[in-house]
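# Structural features, examined
Spelled out from the first residue to the last, the chains are:
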Amino acid sequence: MKKLVIYGSKKMKGEQYVQGSKNASLPIIVSTILTKGKNVLKRCPNLNDTVNTCKILTMLGCETKRHKDCLTIDTKNLYGFEISKHLMNTMRSSIIFLGAILARCKEAIVYLPGGCAIGKRPIDFHISALEKMGAQIKISGDKLHCKVKDKSLKGATIFLSFPSVGATENIILAAVTAKGTTKIINAAIEPEIEDLCCFLNKCGAKIKMFKTQKQTIVIEGVSSLTPCEYEIMPDRIVASTILCAAAATHGEVLLKSINKNHISHVLEVLSSMGCYIKTYDDNKIFLKSTENLKAVKQIKTMPHPGFPTDLQPIVMALSCLCEGTTVFIETIFENRFQHVNELKKFGAVVEVKDRVAVTKGVPFLHAANVYASDLRAGAALIVAACAAEGISKIYNVPYIDRGYEKVEEQFFKLGANIFRK
Ligand code: EPZ
């Protein structure tokens, strides 16, 4: 198995066009099932997760073709409604095929999803919502056999006790061609969900998002959707990772084509650490780090518009090099501190109790051989290794490949001495 070898403590310097968003592209690729014909998705990242999502589409009878970052999906001949256990286990987002397949085929056979081990990650919200919309779901072991009781799924009012991203996406996919109107109250309103709604509305869906009124999404069922051409939003977590790595190596980077509103939290954190940040109207962002980074007091992860949980491991790696202490409170996932023990191998000082971790900055990190435990933990290790003195090795690279396109090329282009060996 290949590893990443990083010759650290080299200032990053360069400019980068930000790849398309993994967490927007996955539900959008799945949602093409709701159309009958050829969709063209631009700026679609080429990742382990998008490759596996396309494998599932092919298993169902669709055709996918990739040319650079443009993915063409033809769903005309879709005939299947069963997804293999193996492919379901490759990622968490496989579960959102359920809503789309039920909407199109009125029957679905899937298995419990896989995904990063950052928590139990149940699917009870998904199941209860789809049942409310007229799905009959039989669970035996990890297999789910689902049928639509009537001719089609029907609209319903669904209150989510937690604004689950995946459950919101599943409900939207089930609702766009359901009979009647669906209202999701306390819905997730992450930018990736907004991008999914933009794509579906471009295909003829009728979705409205009310961010202030109890975070409600209203979907008026339509009879059919038309395939379209769409450009996926930039990946806000990848953009933030690059900014944090540049900050950690006291470098400077220019990011092109990134929506500053999507990364306002990390920009706030980086500027309070002492970095110089300039945002431009043409979606460029410039960061210049400083030799003396100052710790921010507290970072508490929350559903959007709060601080994104996916950024917690990455900002923690940077915080280990900031003078002072930072308290991290992880409110979304119960097991999202697996990167801490690996960061300690670099000489980081981090104490963990339940869902709270406290970092105490050190002037330098030293090289280490570390193991990625999940996607964003792996990204955090890259940030630490780029800053550390000496040659570090990062194993379990496939976790990182789930979300970062050719990660070593992206970072090498920005001045990091990083190789896949
Ligand atoms: C999505 O996961 C993202 N994945 C995650 O990004 C992200 O961390 C997460 O949303 C939160 O923003 C994709 O978009 C593919 P949730 P998801 O449902 O949908 C509980 C990355 O690194 N819950 O919002 O699985 C759940 O256990 C990944 O790109 C239930 O209890 O997240 C968790 O504690 C990691 N029952 C909380 O809600 C349910 O039915 C948030 O989960 C569903 C969720």
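Computed from a predicted structure; not experimentally measured.

## Description of the domain arrangement of the chain
- What the domain assignment reports for the chain is domain 1 (3–18 + 234–420) and domain 2 (22–224).
- Taking only C-alpha atoms into account, the centre of domain 1 sits 30 Å from that of domain 2.
- Residue-level contacts link 27 residues of domain 1 with 26 residues of domain 2.
- For the pair domain 1 and domain 2, the two sides together bury roughly 2100 Å², of which 50% comes from carbon and sulfur.
- Three residues stand out in domain 1 for area buried against domain 2, namely His-304, Arg-402 and Glu-405, and they jointly supply 33% of the buried area on that side.

## Some thoughts on the site of the ligand
- In the vicinity of the ligand, 22 residues are found, and the nearest of them are Asp-124, Phe-125, Ser-164, Asp-310 and Ile-332.
- Note that an oxygen atom of the ligand is positioned 2.5 Å from one of the side-chain N or O atoms of Asp-310.
- At 3.5 Å, a side-chain N or O of Arg-336 approaches an oxygen atom of the ligand.
- Here the ligand loses 89% of its free accessible area of 820 Å² to cover by the protein chains.

## Re the sheet that holds strand β8 (residues 143–148)
- A sheet is described by the order of its strands in space; here three strands give the open sequence β6-β8-β7, paired in antiparallel fashion. The open sheet has two edge strands, β6 (107–111) and β7 (135–140), and neither has a second partner. Across the sheet, the mean angle separating the axes of adjacent strands is 15 degrees when strand polarity is ignored.
- In this sheet, β8 lies alongside β7 in antiparallel orientation, the contact comprising six bridges. Residue pairing for β8: Ser-140 is matched across the bridge by Lys-143.
- Sheet strands touched by helix α4 (residues 97–105): β6, β7 and β8. Its angle to β6, the strand with the most contacts, is close to 160 degrees.

## Observations regarding the pattern of salt bridges
- All told, the structure shown has 21 salt bridges when counted by the stated rule.
- For Lys-120, the salt bridge goes to Glu-334, with nearest N and O atoms at 3.4 Å. In this pair, Lys-120 is assigned in the loop between β6 and α5 (124–132) and Glu-334 in the loop between β18 (325–329) and α11 (339–345), connecting sequence segments 214 residues apart.
- With a shortest N-O distance of 3.2 Å, Glu-323 and Lys-294 are connected by a salt bridge. Remark: Lys-294 occurs in the loop between β16 (284–288) and β17 (298–300) and Glu-323 occurs in the loop between α10 (312–319) and β18; sequence separation between them is 29 residues.

The rules behind each value
Residues numbered from 1 in each chain as written. Predicted model: local features only at pLDDT ≥ 70, side-chain atom pairs only at ≥ 80, totals over all residues. Heavy atoms only, no water. Domains from an automatic or database assignment. Contact = heavy atoms within 4.5 Å. Buried area = accessible area lost by both parts, 1.4 Å probe. Near = heavy atom within 4 Å. Polar contact = N/O pair within 3.5 Å; in protein donor to acceptor, adjacent residues only side chain to side chain. Areas by Shrake-Rupley, 256 points an atom, 1.4 Å probe, with all protein chains shown as cover. Pairing = 2+ DSSP bridges. Helix = DSSP H or I, 4+ residues; strand = E, 2+ residues; numbered from the N terminus. Axes fitted to C-alpha atoms, helices over the stretch in contact; angles between N-to-C directions. Salt bridge = Lys/Arg side-chain N within 4 Å of Asp/Glu carboxyl O.

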